[in-house]
Amino acid sequence: MAAYIPDNYQPTSNLLKGKSILVTGAGDGIGRSAALSYASHGATVILLGRTLAKLETVYDEIEAARHPQPAIFESNLADLTPSQCTDLAGALATEFIQLDGVLHNASILGERQYIADAGYWQWMEVMQVNVNAQFLLTQHLLPLLQAAPSASIILTSSGVGRTGKARWGAYAVSKFATEGFMQVLASELRERSAIRVNSLNPGATNTAMRRAAYPDEKATDNPSPHSLMPTYLYLMGDDSLGVTGQAFDAQ
Ligand code: NAP
């Protein structure tokens with residue numbers, strides 16, 4: 001059963017003060033909104049994404065608002081290697097003594113095909129970006145997360161990652177894998193670490209991905225990324241201390 005944040009949850013303005021948080025896919029859509037929201041609640045945000053110009057726009061917005069100075073890590077997760085993750089962890093370790101949170105948000109939709117018709121390389125790319133990159137990043141960042149008193153890992157799921165649906169192919173399977181990754185990691189860390197790990201299904205949201213998946217829908221009928229931020233803040237901040245291994249819905 002899905003979990004929800006407490007009714008009428010209101011994050012305090014300094015909820016994330018002093019925390020350093022990595023957001024993947026921070027240049028657009030929900031990731032962009034989460035990065036801006038985390039920064040506005042006091043966090044130093046590490047913006048990871050594949051399109052430098054988009055990351056720079058988010059960076060400039062955060063700087064203009066006089067929030068803590070963010071950092072940019074340009075990376076195409078489709079090509080992510082263990083050695084790039086070692087470099088990222090090394091760079092973060094010199095800048096920050098700990099990492100307080102990771103929002104694994106970047107994903108691709110892939111083809112909306114029957115499994116019988118799915119292309120091999122398309123399938124592999126979706127699995128690489130949506131699943132393998134999460135594993136690689138998490139594994140390499142665990143020592144920095146362990147160094148924080150109460151780190152939070154949020155893995156982004158989807159409705160089709162909880163109930164399978166025809167023609168959602170690799171994307172849906174990748175989100176089931178994300179739920180599995182969350183459960184295994186939460187179970188492994190529960191007894192021996194203060195790191196909490198949860199999944200979050202944003203639900204239908206007005207972003208480029210939703211518009212690509214549902215071209216006939218009126219985009220503005222769906223909520224904006226900004227409207228989901230209470231759940232993203234709750235799970236990232238200390239208000240969710242002790243909450244782990246749960247599958248959240250933002251709507
Ligand atoms: P979006 O608007 O397409 O944004 C995705 C972000 O991920 C973009 O910044 C994109 O970068 C980045 N990204 C994609 N591939 C990447 C790669 N190979 N390497 C690095 N970054 C990459 O999607 P969204 O709707 O905000 O989705 C965010 C998350 O919510 C995803 O995990 C998605 O599955 C999930 N979700 C969304 C909905 C919805 O209705 N929107 C519903 C359920 C779940 P570029 O901008 O450079 O392409």
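Residues numbered from 1 in each chain as written. Predicted model: local features only at pLDDT ≥ 70, side-chain atom pairs only at ≥ 80, totals over all residues. Heavy atoms only, no water.

Chemist: Help me understand the environment of Leu52, please; the structure alone is not making it clear to me.
Modeler: Structurally, Leu52 is set in helix α2 (residues 52-64). Between the C-alpha atom of Leu52 and that of Leu88, which follows or precedes it by 36 residues, the distance is 16 Å. The contact partners of Leu52, leaving out residues within four places of it in the chain, are Ile72 and Glu74. (Helix = DSSP H or I, 4+ residues; strand = E, 2+ residues; numbered from the N terminus. Contact = heavy atoms within 4.5 Å.)

Chemist: I tried to follow the site of the ligand on my own but got confused; where do I start?
Modeler: Close to the ligand lie 32 residues; Thr51, Lys54, Asn105, Tyr171 and Thr207 are nearest. Within the backbone of Gly25, a nitrogen or oxygen atom sits 3.3 Å from an oxygen atom of the ligand. Between the ligand and Thr207 there is a distance of 2.5 Å, counted from an oxygen atom to a side-chain nitrogen or oxygen. Relative to its unbound accessible area of 900 Å², the ligand is 93% covered by the protein chains. Every element with two or more residues in the shell around the ligand is listed here: α1 (29-40), α5 (169-190) and α6 (208-213). Ranked by residue count, the leading element in the shell around the ligand is α6, at 3 residues. Taken together, the residues that form the shell around the ligand break down as 11 nonpolar, 16 polar and 5 charged. (Near = heavy atom within 4 Å. Polar contact = N/O pair within 3.5 Å; in protein donor to acceptor, adjacent residues only side chain to side chain. Areas by Shrake-Rupley, 256 points an atom, 1.4 Å probe, with all protein chains shown as cover. Nonpolar A, V, L, I, M, F, W, Y, C, P; charged D, E, K, R; others polar.)

Chemist: Honestly, the environment of Asn132 in this entry has me stumped. Any pointers?
Modeler: Mapped onto the fold, Asn132 is located in helix α4 (residues 120-146). In this structure, the C-alpha to C-alpha distance between Asn132 and Thr207, residues 75 residues apart in sequence, is 23 Å.

Chemist: Would you take a moment to explain α1 for this structure?
Modeler: For an α-helix the count is 3.6 residues per turn, leaving residues at separations of three or four pointing the same way. Spanning 12 residues, α1 covers 17 Å between terminal C-alpha atoms, matching the ideal 16 Å at 1.5 Å per step. In terms of burial, α1 is a largely internal element, 10 of the 12 residues being buried. Looking at the buried residues of α1, the elements they touch are β1 (20-24), β2 (44-49), α2, β4 (101-104), β5 (152-156) and α7 (229-236). (Expected span 1.5 Å × (residues − 1). Buried < 20%, exposed > 50% of the residue type's maximum accessible area, 1.4 Å probe, protein only.)

Chemist: Would you mind going over the packing of aromatic side chains with me for this structure?
Modeler: Each aromatic ring pair is characterised by the separation of its centres together with the angle its planes make. Overall, the coordinates contain 5 aromatic pairs when judged by the stated rule. Ring centres of Tyr9 and Tyr234 lie 5.2 Å apart, and the angle between their planes is 80°; on these two criteria the pair is classed as edge-to-face. Here Tyr9, found in the segment before β1, pairs with Tyr234, found in helix α7; they are 225 residues apart in sequence, far enough to count as distant. For the pair Trp168 and Tyr214, a centre-to-centre distance of 6.0 Å together with 40° between the ring planes defines the contact as tilted. With a gap of 46 residues between them, Trp168 in the loop between β5 and α5 and Tyr214 in the loop between α6 and α7 connect regions that are remote in the sequence. Here Trp168 falls in the buried class, since its relative accessible area comes to 8%. Exposure remark for Tyr214: the relative accessible area of 26% places this residue in the partly exposed category. The ring of Trp168 has Arg112 sitting right over it, with the charged end atom 3.9 Å from the ring centre. The ring of Tyr214 is capped by Arg210, whose NZ or CZ atom sits 3.7 Å from the centre of that ring. (Phe/Tyr/Trp six-rings, centres within 6.5 Å; stacked < 30°, edge-to-face > 60°. Lys NZ or Arg CZ within 6 Å of the ring centre and 35° of its normal.)

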